[in-house]
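The lines below spell out each chain.
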Amino acid sequence: MSNDLAVPPEIPKEDGRPKWDNKFQYILSCIGFAVGLGNVWRFPYLCQIHGGGAFLIPYFIALIFEGIPLLHLELALGQCLRKGSIGAWNTISPYLGGVGAGSWMVSVLVSLYYNTVLTWVMWYFINSFQEPLPWSVCPLNENRTGLNKECYESTAVNYFWYRKTLNITPDVTESGTLQWWLILCLATCWAIVYLCTIRGIETTGKAIYVTAIFPYLVLTIFLIQGLTLPGATDGLAYLFTPNLSTLKNPRVWLDAATQIFFSLSLAFGGLIAFSSYNPPKNDCEKDAVTVAIVNSMTSIYASIPVFSVLGFKATTGYWDCLDRNIINIINEFDLPEESIMRQNYTAWISFLNSSYPEKIAGLKLKSCDLQEFLDQSVSGTGLAFIIFTQAIILMPGSQAWAILFFIMLFSLGLSSMFGNIEGVFTPLLELRIISKSVPKELLSGIICLICFLIALCFTLGSGSYWIDIFDRYAGSLPLLVIAFFEVVGVVYVYKIKRFSEDVKRMTGRKPNLYWQITWRFISPLLLLIVFVAFVTLQIQKSPSYAAWNPKYVCFPMKEEKVYPPWVLAICVLLAVLPCVFVPLVALFQLIKRTCRSKDPSCVPPEVFSCQGANSNFSHPKE
């Protein structure tokens, strides 16, 4: 752009950039991006294994000193510069361009596997219309003389997940074949993402009203139903009863910090892209606090129906155990039916143990303990596709609950996908390598098609192992590195004083002492500590995975296997690839500056001032 187009900062230039229809649409989009599958299937699990209500203490400490400050920083940055991640960091300083490129790469990698998780959800949703539910009964064997051996030795739920859905191989090195049902579901999922993101926020902004609000409706329905189920109070008591002794374990604090960080979708670039479509005069501080609190409250709110249902499942399992023991005792001692009930079972066992110890020992009765059933903790796909589906079978009207549950998961995942795709889409639109004459619809279609073709590898028999690898390495460590350089870049390169003035210009007030201290010291220090702790834990234990192998001697227990060297190399590559952009781009800019330093007409890279954003657009630093 030429200098004659420059205008004073108070009167923003109409740059043809899309805008949100209203503030509510923007807040919903940020909440939809932040609130994802992890709020439903990871947060309750962390509460369960880390002392119930006690986990909320480190969780909210991490939220206050790490989550909210970083969220405010990203939203303010995008709103101030009105650019996507790559453009924003290049504009602040070309030396920081790698930060934007790194977050763009993470968004690409995460989009590849995240939509495959939605593929599984869609497959279960389609099968939820069957009566009975296909994961409730074992199929017959090939000779039709009995039940399928693999299903009989495990459970119908496990068999449907591992064999009928994934058709999983017993080892990560065995690729297996492409599963046609997953390919069709994957193509449908990417088609839905394409239709919703076809014109960027102009279309996602409309879809978000459904995808962000609907999960809350379903959670509320599950909450009402869950609280009426027997055993719901046991599940909730188990979840929220605080065990303060767990706070002595450093792992609890690390899990709290990482959960807050990943749950808010920081460092992906999607939040910077979303806020870049805001008007310059917008209270980004209030937005950050609102989104962070809604995200955390959603996690707690989702835990209530999840654990009321899991409490019901544990109670049902406990009752089944008692009933089997009661039948064995009645048959052995030839007692009248209903002489032993669940209520008087303990008294009868005490009496029979003292009177006929050898007979009771010979029966080999199962040890029935409700606490043991409640202790069966699981997160991620194990919670959604195994534990929860097993609980749904036991609920009256199981079909309807299955349909509702999987629609909710799909909506949660889809709204997060909007943010991931926006983190990929917006920077590409702003890069000079793509002509402005290329329609948004075409660019969006190309992105979705390429992602679909690459993601086909996740529909192989070994695909679920690779999704676990992508999630563990591409979607974790690089984000900590990128976020650290984000906060350091703003505070010490761009300078906190200048950034505070920019925030004051946008919100009408200067950031208070809380923001100053967290941005300058606490947030970068916390990120550094979490990064070091995370890497240390990874190094201490050789990376391994749990394989589903019907030939394993302890089947249906999973076989613990160590990754072969070539898979480990891919793990390292996934973790390092987004991070390496930061030093590479900085080095490239330094070499370029050194080579051109003799040319007096060359203007060296300089730190950009957001305050004069509109007047400085004549010298973009991209």
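- The protein goes by Transporter in an unreviewed UniProt entry, where it is assigned to Calidris pygmaea.
- One UniProt comment on the protein, placed under Sequence similarities (unreviewed entry), says "Belongs to the sodium:neurotransmitter symporter (SNF) (TC 2.A.22) family."

## Concerning a nonpolar patch on the surface
Step number 1: A cluster of nonpolar side chains, namely Ile 57, Ile 61, Ile 64, Phe 65, Leu 244 and Trp 253, defines an oily patch on the protein surface of about 510 Å² accessible area.
Step number 2: The leading source of residues in the nonpolar patch is helix H4 (residues 56-81), at four residues.
Step number 3: Following the sequence through the fold, Ile 57 ends up in helix H4.

## Some remarks on the side chain of Gln 79
Step number 1: When you line up the elements, Gln 79 lands in helix H4.
Step number 2: Overall, Gln 79 belongs to the buried group, its relative accessible area being 1%.
Step number 3: A distance of 3.1 Å separates a polar atom in the side chain of Gln 79 from the backbone oxygen of Pro 280.
Step number 4: Those residues within four positions of Gln 79 in sequence are excluded, and the remaining contacts are Ser 275, Ser 276, Asn 278, Pro 279, Pro 280, Lys 281, Asn 282, Cys 284 and Met 506.

## Some words on unusual backbone geometry
Negative phi is the rule for most residues except glycine; trans is the rule for most peptide bonds.
Step number 1: Each neighbour pair has its own omega, and for Glu 131 with Pro 132 the value is 0°, a cis peptide bond.
Step number 2: Here the amide bond leading from Phe 555 into Pro 556 is cis, since omega sits at 15°, within 30 degrees of zero.
Step number 3: If you trace the backbone, Pro 556 turns up in the loop between strand S1 (544-547) and strand S2 (559-562).
Step number 4: With a phi close to 65°, Glu 338 is a non-glycine residue in the positive phi region.
Step number 5: Here Glu 338 is to be found in the loop between helix H14 (284-333) and helix H15 (345-355).

## Notes on the pattern of salt bridges
Step number 1: Under the defined criterion, the tally for this structure stands at 14 salt bridges.
Step number 2: When the shortest N-O distance is used, the salt bridge between Lys 561 and Asp 171 registers 3.0 Å. With Lys 561 in strand S2 and Asp 171 in the loop between helix H8 (156-165) and helix H9 (180-197), this pair connects stretches of sequence that are 390 residues apart. This pair shows no difference in class: Lys 561 is buried, exactly as Asp 171 is.

## Things to note about the UniProt feature "binding site: Na(+)" (unreviewed entry) in the protein
Step number 1: The sites that carry the UniProt feature "binding site: Na(+)" (unreviewed entry) are, in the present numbering, Gly 32, Ala 34, Val 35, Asn 39, Ser 263, Asn 295, Leu 412 and Ser 416. These residues run over 385 residues, yet every pair of their C-alpha atoms falls within 12.4 Å of each other.
Step number 2: Along the chain, Ala 34 turns up in helix H1 (residues 23-34).
Step number 3: Along the chain, Asn 295 turns up in helix H14.
Step number 4: Setting aside its immediate chain neighbours within four residues, Asn 295 contacts Ala 34, Val 35, Asn 39, Tyr 59, Ser 263 and Leu 264.
Step number 5: A distance of 2.9 Å separates a polar atom in the side chain of Asn 295 from a polar atom in the side chain of Ser 263.

## Focus: the state of the cysteines
Step number 1: For the coordinates displayed, the defined rule picks out two disulfides.
Step number 2: One disulfide bridge connects Cys 138 with Cys 151, the sulfur atoms lying 1.9 Å from each other. Disulfide Cys 138 to Cys 151: torsion about the S-S bond roughly -85°, handedness left-handed. With Cys 138 in the loop between helix H6 (97-127) and helix H7 (149-153) and Cys 151 in helix H7, the pair connects residues that are 13 residues apart, well separated along the chain.
Step number 3: By relative accessible area, Cys 138 is classed as partly exposed at 22%.
Step number 4: One disulfide in the model links Cys 321 with Cys 368; its S-S distance is 1.9 Å. Across the S-S bond of Cys 321 and Cys 368 the torsion is about -85°, and the bridge reads as left-handed. Linking Cys 321 in helix H14 with Cys 368 in the loop between helix H16 (357-363) and helix H17 (370-374), this pair joins segments that are 47 residues apart in sequence. Assigned by exposure class, Cys 321 and Cys 368 land together as buried.
Step number 5: In this structure Cys 451 is a free cysteine whose sulfur lies 6.6 Å from that of Cys 448, the closest cysteine sulfur available.

## Considering the environment of Phe 333
Step number 1: On the secondary structure map, Phe 333 appears in helix H14.
Step number 2: Each C-alpha atom of the pair Phe 333 and Lys 359 lies 9.0 Å from the other, and the pair is 26 residues apart in sequence.
Step number 3: Ignoring anything within four residues of it in the chain, the contact list for Phe 333 reads Leu 352, Tyr 356, Lys 359, Ile 360 and Leu 363.

## Let's talk about the pairing of S2
Step number 1: Side-chain alternation along S2 places Glu 559 and Lys 561 on a buried face and Glu 560 and Val 562 on a face that remains uncovered.
Step number 2: As paired strands, S1 and S2 are joined by four bridges and run antiparallel to one another. Residue Ser 544 lies in a different strand from S2, and its bridge partner there is Val 562.

Rules behind the numbers
Residues numbered from 1 in each chain as written. Predicted model: local features only at pLDDT ≥ 70, side-chain atom pairs only at ≥ 80, totals over all residues. Heavy atoms only, no water. UniProt positions renumbered as here; feature names shortened; annotations may be inferred. Patch = residues over 30% accessible without salt bridge, like charges linked within 9 Å, V, L, I, M, F, W, Y side chains within 5 Å. Areas by Shrake-Rupley, 256 points an atom, 1.4 Å probe, with all protein chains shown as cover. Salt bridge = Lys/Arg side-chain N within 4 Å of Asp/Glu carboxyl O. Helix = DSSP H or I, 4+ residues; strand = E, 2+ residues; numbered from the N terminus. Buried < 20%, exposed > 50% of the residue type's maximum accessible area, 1.4 Å probe, protein only. Polar contact = N/O pair within 3.5 Å; in protein donor to acceptor, adjacent residues only side chain to side chain. Contact = heavy atoms within 4.5 Å. Disulfide = S-S within 2.5 Å. Pairing = 2+ DSSP bridges.

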